[in-house]
There are 2 protein chains.
Amino acid sequence: MLKFAFPGQFYAVNQRGADVLGIKGYTSLKEIPGPVDFVFVQVPVKASVQVLKDCAAKGVKLVVLYTAGFSESENELGKELEQEILSIVHQGGVRLLGPNCMGVYNPSAHLTFGPLIQESGPVGVMCQSGGNSFQLVSAASERGVRFSKVISYGNAIDINEVELMEYFAQDPDTKIIITYIEGVRDGRRFYQALKSASQIKPVIVLKGGQTPAGAIATLSHTSSLAGSNQVWDSLIKQAGAIQANNIDECVDIAVALSFIKPPASRRTVVIGYGGGATVQAADDCYRANLQLPPIPADIKEDIKKAISFPGNIFKNPLDINPYWGLEKAKEAFTTVSKWDEADVIVLLSTPEQTPFMPRDWEYEVTTQTIIEWAKLSTKPTVLAMNVNTMPGEDGLAEKCFNQIANAGFAVFPSARRAAMALERVYRYNQWRKKRS
Amino acid sequence: MLKFAFPGQFYAVNQRGADVLGIKGYTSLKEIPGPVDFVFVQVPVKASVQVLKDCAAKGVKLVVLYTAGFSESENELGKELEQEILSIVHQGGVRLLGPNCMGVYNPSAHLTFGPLIQESGPVGVMCQSGGNSFQLVSAASERGVRFSKVISYGNAIDINEVELMEYFAQDPDTKIIITYIEGVRDGRRFYQALKSASQIKPVIVLKGGQTPAGAIATLSHTSSLAGSNQVWDSLIKQAGAIQANNIDECVDIAVALSFIKPPASRRTVVIGYGGGATVQAADDCYRANLQLPPIPADIKEDIKKAISFPGNIFKNPLDINPYWGLEKAKEAFTTVSKWDEADVIVLLSTPEQTPFMPRDWEYEVTTQTIIEWAKLSTKPTVLAMNVNTMPGEDGLAEKCFNQIANAGFAVFPSARRAAMALERVYRYNQWRKKRS
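All of these numbers come straight from a predicted model, not from anything done at the bench.

### A short note on the sheet that holds strand β13 (residues 313-314) of chain B
All names here are of chain B. Strand order in the open sheet made by the 6 strands is β13-β14-β12-β15-β16-β17, with mixed pairing throughout. Strand pairing shows two members of the sheet lacking a second neighbour, β13 and β17 (411-412), which therefore form its edges. Relative to strand β14 (residues 318-319), strand β12 (residues 268-272) runs parallel, the two sharing 2 bridges. Within the sheet, the bridge partner assigned to Gly272 lies in β14 and is Asp319.

### Considering the interface of chain B and chain A
With 71 residues of chain B at the interface, the matching set in chain A holds 71 residues. In total, chain B and chain A occlude about 5700 Å² of area from one another, counting both sides; carbon and sulfur atoms represent 58% of this. Connecting chain B to chain A are 0 salt bridges. Here chain B is connected to chain A by 17 residue pairs in polar contact (both at pLDDT 80 or more). At the level of secondary structure, the elements contributing two or more residues to the side of chain B that touches chain A comprise α3 (130-141), β10 (203-207), α6 (212-222), α9 (275-287) and α10 (297-306) of chain B. Here the residues of the side of chain B that touches chain A are counted per class, giving 30 nonpolar, 28 polar and 13 charged.

### Things to note about the packing of aromatic side chains
Residue and element names in this part refer to chain A. Enumeration according to the criterion identifies 18 aromatic pairs over all chains in this entry. Here a set of aromatic residues connected by ring pairs shows up, and it is made of Phe4, Tyr105, Phe113 and Phe134. The ring of Tyr26 has Lys24 lying over it, and the distance from NZ or CZ to the ring centre is 5.3 Å.

### What about the pairing of strand β16 (residues 381-385) of chain B?
All names here are of chain B. Burial analysis of β16 places 5 of its 5 residues in the buried class, which makes it a mostly covered element. Of the two faces of β16, the one holding Thr381, Leu383 and Met385 and the one holding Val382 and Ala384 are both buried throughout. Direction of pairing for strand β15 (residues 344-349) relative to β16: parallel, over a ladder of 5 bridges. Across the sheet, Leu347 pairs through a bridge with Leu383, a residue of β16.

### Here we look at the relation of the copies chain B and chain A
For these two chains of identical sequence, chain B goes onto chain A by a turn of 180° and a shift of 0.0 Å along the axis, with RMSD 0.0 Å. The superposition of one copy onto the other is thereby described by a two-fold rotation axis. In terms of C-alpha distance to the rotation axis, chain B has Gly395(B) as its closest residue, with the C-alpha 5.4 Å off the axis. A share of 100% of the interface residues of chain B reappears at the interface of chain A, consistent with the copies meeting face to face through the same patch.

### Digging into the state of the cysteines
Considering all chains together, one arrives at 0 disulfides over all chains under this definition. Cysteine Cys285(B) remains unbridged, with the sulfur of Cys250(A) as its closest cysteine sulfur at 19 Å. A residue is classified by how much of its surface remains accessible, and Cys285(B), at 0% relative accessible area, is buried.

### Some words on a nonpolar patch on the surface
Residue and element names in this part refer to chain A. Together, Leu2, Val20 and Leu21 make up an exposed nonpolar region whose accessible area comes to about 300 Å². Here Leu21 is to be found in the loop between β1 (12-13) and β2 (25-26). Overall, the relative accessible area of 74% leaves Leu21 in the exposed class.

### Observations regarding the side chain of Ser265(A)
Residue and element names in this part refer to chain A. Relative to the helices and strands, Ser265 resides in the loop between α8 (247-259) and β12 (268-272). Given the relative accessible area of 11%, Ser265 is considered buried. Of the polar contacts made by the side chain of Ser265, one reaches the side chain of Asp343; its length is 2.5 Å. In contact with Ser265, not counting residues within four places along its chain, are Asp343, Val344 and Tyr426.

The rules behind these values
Residues numbered from 1 in each chain as written. Chains lettered and ligands numbered in written order. Predicted model: local features only at pLDDT ≥ 70, side-chain atom pairs only at ≥ 80, totals over all residues. Heavy atoms only, no water. Pairing = 2+ DSSP bridges. Helix = DSSP H or I, 4+ residues; strand = E, 2+ residues; numbered from the N terminus. Contact = heavy atoms within 4.5 Å. Buried area = accessible area lost by both parts, 1.4 Å probe. Salt bridge = Lys/Arg side-chain N within 4 Å of Asp/Glu carboxyl O. Polar contact = N/O pair within 3.5 Å; in protein donor to acceptor, adjacent residues only side chain to side chain. Nonpolar A, V, L, I, M, F, W, Y, C, P; charged D, E, K, R; others polar. Phe/Tyr/Trp six-rings, centres within 6.5 Å; stacked < 30°, edge-to-face > 60°. Lys NZ or Arg CZ within 6 Å of the ring centre and 35° of its normal. Buried < 20%, exposed > 50% of the residue type's maximum accessible area, 1.4 Å probe, protein only. Least-squares fit on C-alpha atoms with pLDDT ≥ 70 in both. Disulfide = S-S within 2.5 Å. Patch = residues over 30% accessible without salt bridge, like charges linked within 9 Å, V, L, I, M, F, W, Y side chains within 5 Å. Areas by Shrake-Rupley, 256 points an atom, 1.4 Å probe, with all protein chains shown as cover.

Here it is as structure tokens:
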């Protein structure tokens, strides 16, 4: 919070009343002169009861209870203490996030539980796991995604998933919601909240404990009854939310929602270079339930006029090489873009496939071509770019990946992941159209 | 080849007879004084006929024909020229790799088509796509995998998939075979070769053009009839080979085969830190068809004696934190390792999950703990480590990943990928046991 330039006043409360990092220390909340709005509590589980009483007495508005060892533990005392805290909170008018959570990352308010990216963005996250919320922010940030608010809410004894979903649904700063959920207390109310939210903005749902092995763990993690997998699958589907199976999928779907217009159909053109890479990408698109319509003769001839080299493939996938100059590449791409039988373009960049090219020149040309093309394209266009690098290499692939992501382009680490995200976004959009 | 310190004599042949990078130039092969063993041909498709005639006249042993535009093109001339080249080769006693391929990477012979890693290893690759072979080498190298020989063989008009499979099956330097195949000319002979090879060593098969969309592309890429997906699936299964669906899976399976003993069963323990991460890993393992048996009371108590902190999960998955000292972590790990109901250990390292720890210290502790533990473990043990990094971060996660990979440890970028590889290797090993 200090590094994140939080503009408010800090107080450090600890048993010895010691100063911390230059912040004045107190032995109790009650000693602090003037009002306190927000308290982050990281004390042993037994000590938390008195701290919460002090919070109530002090008129604190929000407590983040980081401490774990409550109802999620195998300890009867933990369950009892959780109940005691809940009644203190209810009686005292304090709102509580947790216990067993990380709290809030809100870049525009300079609040954070770790991430230090000051820039805000359209993605709001409510995440039952603290660690997962941090991992999600890490993985999404490197793809250019930015956040409105990220809320880690743990055992959810006071502020819960229903209230949070209702909040994000109406929050004007949030255009896309991602949620990681291990369990809910009231399935019916959560379903209603999810359904209402999905009608306003896309909601990506990652359910932790979808399998029996995972469900055993959710009980010990956030005291959540994971519920039946089939019930959750149909709940998410019926509500019109977008299901993700892991954090990578959450990020991929958020990237597609953030940086491209929703595809009007599943009809996709794959444009790459490298025969093996384009064959694989076509397989990946097909497996993800995208369609690759054949390119008609006239379009094919027009592409060949711009770029033609032995070894190229003039089908769908197109295997054409961008090295023959940015102008020629632009011409070929523009031709494809005009073809009205396709509604999505997957551009494949496979830098490892051309060892005979000087690497710096290759990456420069690739990155430049991709960015120029993104500006020209009239259709939703995504990039799939592998960034495997051999030991001793220069990190140029990663640099280009970041450059393209930072230029506001939807970039994925593989065609497989791009295709999955496109298909989910397409399906969500079809569902919304039917509703409206 | 110059950079790779190839110890033989080079000659440059080109129309003008110009010297190239300090190598003496000739206008024709026939002008070269003395014998020539190996020729790499990169000339326009029409010019290749004369070059091949010269190769035959010169008594060249092996030609790599990089040139594309033969039977894979839509051009009748290309098909005719391919036939002409084949008869020159047959009559002249020259062996030909290609056309439309990259050739050979053989570290111990200092031959390369691009990769410059001098170290050899147990993995042999036969890859119908040149670009895919390079990408495979890149992706596997960063995981610590090294190669005996990598052969890109393109249209396979002379040296084909059957001969290559037979070669790798008996090659003493090759312990694991990876093959990327788009199509075969003689299904029966290839099946026999694959089956014989699989009885000697593991063979990982990635079939390009598994879907109708991909199959359209294989015809234009390497002139391959992709064949039916169902036929290929059962061919691979019947032969006892290990199927992979993309290059990442090839690499993951090769990592598991290279760095751990094959698991004796599907019974797996997940040890991680971070509740959300361990819940997700348990889901991933279950989905990959691994089993997570419950940890019995006595083992649980022994683990708790070593490490116990509020928020930990003492089930399977285990959520225990390695920060409380290497000795305590070792003790907990040793206890798990003794438990005879589990035969595989998946260690989860999720550096992003703990933002409150100083990063350098965290990574050092994690890496050190993992490596120490790998040395102690009596069971096959793999590591799953996410390396997403936020913009502006220090690359420490990648550094640790590489450090662990270089220490000869099986490390995967996610629990999902680790679980998939473990399950495939387990299944292959069961098949071999039944056969022997």
